[in-house]
Amino acid sequence: SWKGAPQFESEDGFSFKLGGRLNVDAGFTSFPGSTGRRDGFGSEVRRARLRVQGTVPGGFGYKLETDFAANDVTVTDAFLSYESKLGAGGNLEIIAGQHNTFQGLEELTSSLNTSFIERAAFTDAFGFERRLGLSGIYTNGDLLLQGGVFSDNIQALSNRNFSLDGRAVYAPKLGDAQLHFGGSLHYAKLAGVGSVTRYRQRPFEHWSSDRFVDTGAFLADSELGIGGEAAMIAGRFHVSGETYVQKVSRPGFADPTFFGGSLEAGYFLTKGDKRGYKAGTFDRVKPANPVGSGGIGAVQINGRYEYLDLTDAGIIGGTQAGYELSLIWTQTAYTRVMLNYARLQYKDAAYPTASGDTSYGVDVVAVRGQVDF
Amino acid sequence: SWKGAPQFESEDGFSFKLGGRLNVDAGFTSFPGSTGRRDGFGSEVRRARLRVQGTVPGGFGYKLETDFAANDVTVTDAFLSYESKLGAGGNLEIIAGQHNTFQGLEELTSSLNTSFIERAAFTDAFGFERRLGLSGIYTNGDLLLQGGVFSDNIQALSNRNFSLDGRAVYAPKLGDAQLHFGGSLHYAKLAGVGSVTRYRQRPFEHWSSDRFVDTGAFLADSELGIGGEAAMIAGRFHVSGETYVQKVSRPGFADPTFFGGSLEAGYFLTKGDKRGYKAGTFDRVKPANPVGSGGIGAVQINGRYEYLDLTDAGIIGGTQAGYELSLIWTQTAYTRVMLNYARLQYKDAAYPTASGDTSYGVDVVAVRGQVDF
Amino acid sequence: SWKGAPQFESEDGFSFKLGGRLNVDAGFTSFPGSTGRRDGFGSEVRRARLRVQGTVPGGFGYKLETDFAANDVTVTDAFLSYESKLGAGGNLEIIAGQHNTFQGLEELTSSLNTSFIERAAFTDAFGFERRLGLSGIYTNGDLLLQGGVFSDNIQALSNRNFSLDGRAVYAPKLGDAQLHFGGSLHYAKLAGVGSVTRYRQRPFEHWSSDRFVDTGAFLADSELGIGGEAAMIAGRFHVSGETYVQKVSRPGFADPTFFGGSLEAGYFLTKGDKRGYKAGTFDRVKPANPVGSGGIGAVQINGRYEYLDLTDAGIIGGTQAGYELSLIWTQTAYTRVMLNYARLQYKDAAYPTASGDTSYGVDVVAVRGQVDF
């Protein structure tokens, strides 16, 4: 069979697939000049990933994915899995190795299928990342339960940090509409004496290294994250919202609570098109009339409001409100071009202007070319 | 055909295969507290390798394998080959590029097929590694002859170190039993004035960076290694032993002789299972009744005694004796889970306790999940 | 179908191929002893590349290639493409991502198919490299037009450098002979205040880090490059010549003009063999009688004179004249062994001898084993 690239299956139950993705980004930023931050043109290869995955008869599986986009190679997924049918329609998958913890709908949705070039600011700010751990995933009809115990990302493995992560999703159909309700919990014990954490985020685009919201590094014992998710796909229309509260325990200081959230809605201008949905996340858009088969592909417009508050309990990390538009042209199920505009409004920004002002706005226009296989 | 992943063959004699392996390790160590070494929980992705290999009509071949497990990418194999039938049943293979030198049975046995999570301490301590070189491999019936000239591993290519490496194996069948007798020789000329070497090893597991045996860096002109190997596979039972003597020539100082050795035995609790053997090394276990075909796979228990002596001629690198147990559950020919226990007994250890004691024991429990394709 | 490795095609128009190459080099250099440069034996894995490329129905395509030969991973190609037939036999390809700028015949010819182990010195000296950019490639019969706008190589992405690059090729047939005429233009605006450039080159081989010609770093605003190309393949014979002029604009100093050029000719000793030619570059040699089909493959001898002048307008980078011979044994269309000799004659070399002499010669002998798939 073929899914962007060939997928091989042996007669006795092995399977194997090589895949990957390429994101080529470019755009312009406009920052207040007297902050001293360089703006203007920016570009990067955002992702250049290769992936092998397969199954071994008996329920075993594996996935290894590496990203070559940065100066270094980065391992994204590197895990073994075991899958087994349980009674009463249930299915259990056990995963060991580096994989995504379970922090929310947009984070777990592949970057191939998000509505904007970058996910909402809080998903990076709160350090959502893949980690080395052991997880169980239970599915039964419209119900999905995910939970695991994790240490660190393998690129920075201290073996001293631990987290418990869990997520529950209920995703019923209402007529033709797909509903999604979810919640996630994250508790991390940070390593011994003198451990430090930091929350910060770039201004929508990824190619610059400036973070206008930034708590700076501070001592922390543990963090507790609570996420809420709701979404609906109804024909050409979708809406999706998330909130995330991150409480941090500090030794000898007041404990701050940070907040992030987003609300997006989108509509396909092309008839017959809709967002995909699978396994508790948004899935691939498969244009009803793709380029190459006489059509023009799928054209979608999206709007998003998102908010990130990194100021609390004496930590002045700043707040960021984002007003964002996205135009997506999905020529085929495996290619798309995105044009995004974001207006970010800051308070207590990390970079004051010459006059000391830390409340200002930033504009970003970005375009992405994408293919996966 | 299929070997974990599909293997492709063209009608005119090309072949091509993509493969790889994943090792996910975790466990606990217990060190004497007053040595100041951190023990307790440890974990890592031990290996995350991808490999391409193939043949070109006319006897040509290639192999390129990279490991993404560490923070950086590491090239393991990167070589060209040419193979030709000689008269009287002989076969000659020429290899150019980075490949394994010929230092012994366990080192040359794939990490997929060893009896313990980590090989005997001397194989790392004496610096066995892949190097850039030119080799010939001659096989004829039960006889195997390997020899080559090498410079360095390509990650640290000085082009000033040279080694000659050779190995001979005689592997007859005695009834149904597979016998193995081998010997290896290694001579390395170390680079010019002021060249330095160092022998050391971690305590069984690989995730910590502590080395309880360690000669420290010292000036050296050359090293001469001599290895001996013997093994037998008789049905569900196997036994294997190796010794290795490393003599180092030092300018203006006495020349030390270091020693390493190991003796292991193992037995399959499951009927019909046995260790594989191919081309002078242990090969893959193919369970008689794998999981997924109504069986429970192969279950094997192994014991090993191993010893490493890095103290001689004024160099006090310490000695390490290892008493080790391994339980291996091989569900299928391409997956396994290992549970290991090691008790390591040190003399002249590198880390003294608060009271100055350098003779003490260390305990390690480790588990590995493994898949290859 | 099969091109070194299997190439997969789906019924609905997808295609996918995994490929790669391995170069294993070794040789000897002889430098004037009193320059203090280390000569003698050298070796390296010159290239160890993996590549995925494919097409998506509708004219879309992608290519991602990484090189693992150095200590780090390097991304060579990482681009998306879109191809469309235009009227009157024309074809247009749009490329976005990291790809080759359009600097000349030998630079654009794959390293798999060049006549010498290393390209002419000016191609490295003038910094020809892949860069992140957007290009168009128009072909129509014997005409090829290439042009694009680029920023930097993604390993050193400042987003402040810009270049415009273009190339035109006219490649008619004259009877059985393939003719090639081309020209290229390169204009780069270097980043803001205090930007610096540097031109230098190794002595033919790549494994040493000595550069006998070297301008050192100097302030520069922009560079303008102009290249000329001519070549002919007539049966077993070929000739090829290139010139390249690099003008550099310096703030407040005289503007130097540097120069590089090469002239090579080659002849196959084996009947029926010739160099390949495709899309404005030299292509693969496919031996008429390959090893493995009863033949001995193709044997070719080549000679080259090349020149590089990095001295002008007060910058004394030195000049290098190269007199080079190449013997190539192409056993099969996917393997070859090369033996090269180079005599390099320097003036104003970067490394003076003990007596202060900077005019001297250097000898290099190098051998390469190569396979691609």
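The paragraphs below set out a description of the structure included in this document. (Residues numbered from 1 in each chain as written. Chains lettered and ligands numbered in written order. Predicted model: local features only at pLDDT ≥ 70, side-chain atom pairs only at ≥ 80, totals over all residues. Heavy atoms only, no water.)

Let us now look at the overall build of chain A. If you tally the helices and strands in chain A, you get two helices and 25 strands. The principal-axis extents of the C-alpha atoms in chain A amount to approximately 70 × 50 × 45 Å. Per-residue burial over chain A gives 58% buried out of 373 residues. Carbon and sulfur atoms form 58% of the exposed surface of chain A, whose accessible area is close to 14100 Å². Taking the average location of the 36 positive side-chain charges in chain A and that of its 40 negative ones, the two points are 3 Å from each other. (Helix = DSSP H or I, 4+ residues; strand = E, 2+ residues; numbered from the N terminus. Buried < 20%, exposed > 50% of the residue type's maximum accessible area, 1.4 Å probe, protein only. Areas by Shrake-Rupley, 256 points an atom, 1.4 Å probe, with all protein chains shown as cover. Lys, Arg positive; Asp, Glu negative; His and termini not counted. Charge placed at Lys NZ, Arg CZ, Asp CG, Glu CD.)

Between the two copies, chain A and chain C, the superposition gives an RMSD of 0.0 Å; the rotation angle is 120 degrees and the shift along the axis is 0.0 Å. Such a combination of rotation and displacement between the chain copies is what one expects of a three-fold axis. Closest to the rotation axis within chain A is the C-alpha of Val73(A), separated from it by 3.8 Å. The two copies present different faces, since only 15% of the interface residues in chain A are matched by interface residues at the equivalent positions in chain C. (Least-squares fit on C-alpha atoms with pLDDT ≥ 70 in both. Contact = heavy atoms within 4.5 Å.)

Attention now moves to the relation of the copies chain B and chain A. Expressed as a screw transformation, the operator carrying chain B onto chain A has a rotation angle of 120 degrees and an axial translation of 0.0 Å, and the superposed copies differ by an RMSD of 0.0 Å. Interface overlap between copies: only 15% of the residues of chain B at the interface are likewise at the interface in chain A, consistent with a contact formed by different surfaces.

With that out of the way, let us pick up the interface of chain A and chain C. Facing the 33 residues of chain A at the interface are 35 residues of chain C. Of the roughly 2700 Å² buried where chain A meets chain C, counting both sides, 77% is carbon and sulfur surface. Sorting the residues of chain A by area buried against chain C places Trp2(A), Phe68(A) and Asn71(A) first, and these three jointly supply 22% of that buried surface. Between the two partners, chain A and chain C, sit zero salt bridges. Put simply, chain A and chain C have three residue pairs in polar contact (both at pLDDT 80 or more) between them. Every element with two or more residues in the side of chain A that touches chain C is listed here: strand E2 (5-9), strand E3 (15-30), strand E4 (40-56), strand E23 (315-332) and strand E25 (360-372) of chain A. Sorting elements by how many residues they give to the side of chain A that touches chain C places E4(A) first, with eight residues. (Buried area = accessible area lost by both parts, 1.4 Å probe. Salt bridge = Lys/Arg side-chain N within 4 Å of Asp/Glu carboxyl O. Polar contact = N/O pair within 3.5 Å; in protein donor to acceptor, adjacent residues only side chain to side chain.)

Another aspect to go through is the interface of chain B and chain A. Contacts between the two partners involve 33 residues from chain B and, on the opposite side, 35 residues from chain A. Taking both partners together, chain B and chain A bury about 2600 Å²; carbon and sulfur atoms supply 77% of that area. Put simply, chain B and chain A have zero salt bridges between them. Joining chain B to chain A, the criterion identifies two residue pairs in polar contact (both at pLDDT 80 or more). Elements that contribute at least two residues to the side of chain B that touches chain A include exactly strand E2 (5-9), strand E3 (15-30), strand E4 (40-56), strand E23 (315-332) and strand E25 (360-372) of chain B. Element by element, the count of residues in the side of chain B that touches chain A is highest for E4(B), at eight residues.

On to a nonpolar patch on the surface. Together, Phe237(A), Tyr267(A), Leu269(A), Ile301(A), Leu325(A), Leu327(A), Trp329(A), Val337(A), Leu339(A), Tyr341(A), Val365(A) and Val367(A) make up a nonpolar patch on the protein surface, roughly 1000 Å² of accessible area in all. Those elements that place two or more of their residues in the nonpolar patch are E23, strand E24 (335-347) and E25 of chain A. (Patch = residues over 30% accessible without salt bridge, like charges linked within 9 Å, V, L, I, M, F, W, Y side chains within 5 Å.)

What follows concerns the pattern of salt bridges. Residues and elements named next belong to chain A. One pass over the full model with this rule turns up 54 salt bridges over all chains. Across the salt bridge formed by Glu 264 and Arg 275, the nearest N and O atoms sit 3.1 Å from each other. Of this pair, Glu 264 sits in strand E19 (residues 257-268) while Arg 275 sits in the loop between E19 and strand E20 (276-278); the two residues are eleven residues apart in sequence, bridging distant segments of the chain. For Glu 264, a relative accessible area of 7% puts it in the buried group. Taking the relative accessible area as the measure of exposure, Arg 275 reaches 6% and is therefore buried. Taken together, the shared-partner salt bridges in this structure form one network comprising Arg 21, Arg 49, Glu 65 and Asp 67.

Residues and elements named next belong to chain A. Here Ser 115 is to be found in the loop between helix H1 (105-108) and helix H2 (121-125). On the basis of relative accessible area, Ser 115 is assigned to the buried category, the value being 2%. Looking at Ser 115, its side chain comes within polar contact range of the side chain of Arg 275, at 2.9 Å.

Below, the discussion takes up the pairing of strand E6 (residues 74-85) of chain A. All names here are of chain A. Where strand E5 (residues 60-67) and E6 come together, seven bridges link them in antiparallel fashion. Each bridged residue has a counterpart across the sheet, and for Leu 64 the counterpart in E6 is Ala 78. Where E5 folds back onto E6 in an antiparallel hairpin, the turn is made up of six residues. Sheet topology note: the E6/strand E7 (residues 91-100) ladder contains eight bridges and is antiparallel. The residue of E7 that forms the bridge with Leu 80 is Ala 96. Once E6 ends, the chain turns through five residues before running back antiparallel as E7, passing Ala 88 with a positive phi of about 55 degrees. (Pairing = 2+ DSSP bridges.)

This part covers the pairing of strand E17 (residues 222-234) of chain B. When a strand is regular, its side chains alternate between the sheet's two faces. All names here are of chain B. Note that strand E12 (residues 177-189) and E17 share twelve bridges and pair antiparallel. The partner of Ser 184 across the bridge, within E17, is Gly 227. As consecutive antiparallel partners, E17 and strand E18 (residues 237-249) are separated by two residues, and within that stretch Gly 235 has a phi angle of approximately 60 degrees, a positive value.

Moving on: the packing of aromatic side chains. Residue and element names in this part refer to chain A. Following the criterion strictly, the structure yields 75 aromatic pairs over all chains and no others. With a centroid separation of 4.8 Å and an interplanar angle of 65 degrees, the aromatic rings of Phe 31 and Phe 212 are classed as edge-to-face. Placement of the pair is Phe 31 in the loop between E3 and E4 and Phe 212 in the loop between strand E14 (200-201) and strand E15 (213-214), with a sequence separation of 181 residues. For Phe 212, a relative accessible area of 0% translates into the label buried. (Phe/Tyr/Trp six-rings, centres within 6.5 Å; stacked < 30°, edge-to-face > 60°.)

Below, the discussion takes up unusual backbone geometry. One non-glycine residue, Phe204(B), adopts positive backbone phi at about 70 degrees. Its location among the elements puts Phe204(B) in the loop between strand E14 (200-201) and strand E15 (213-214).

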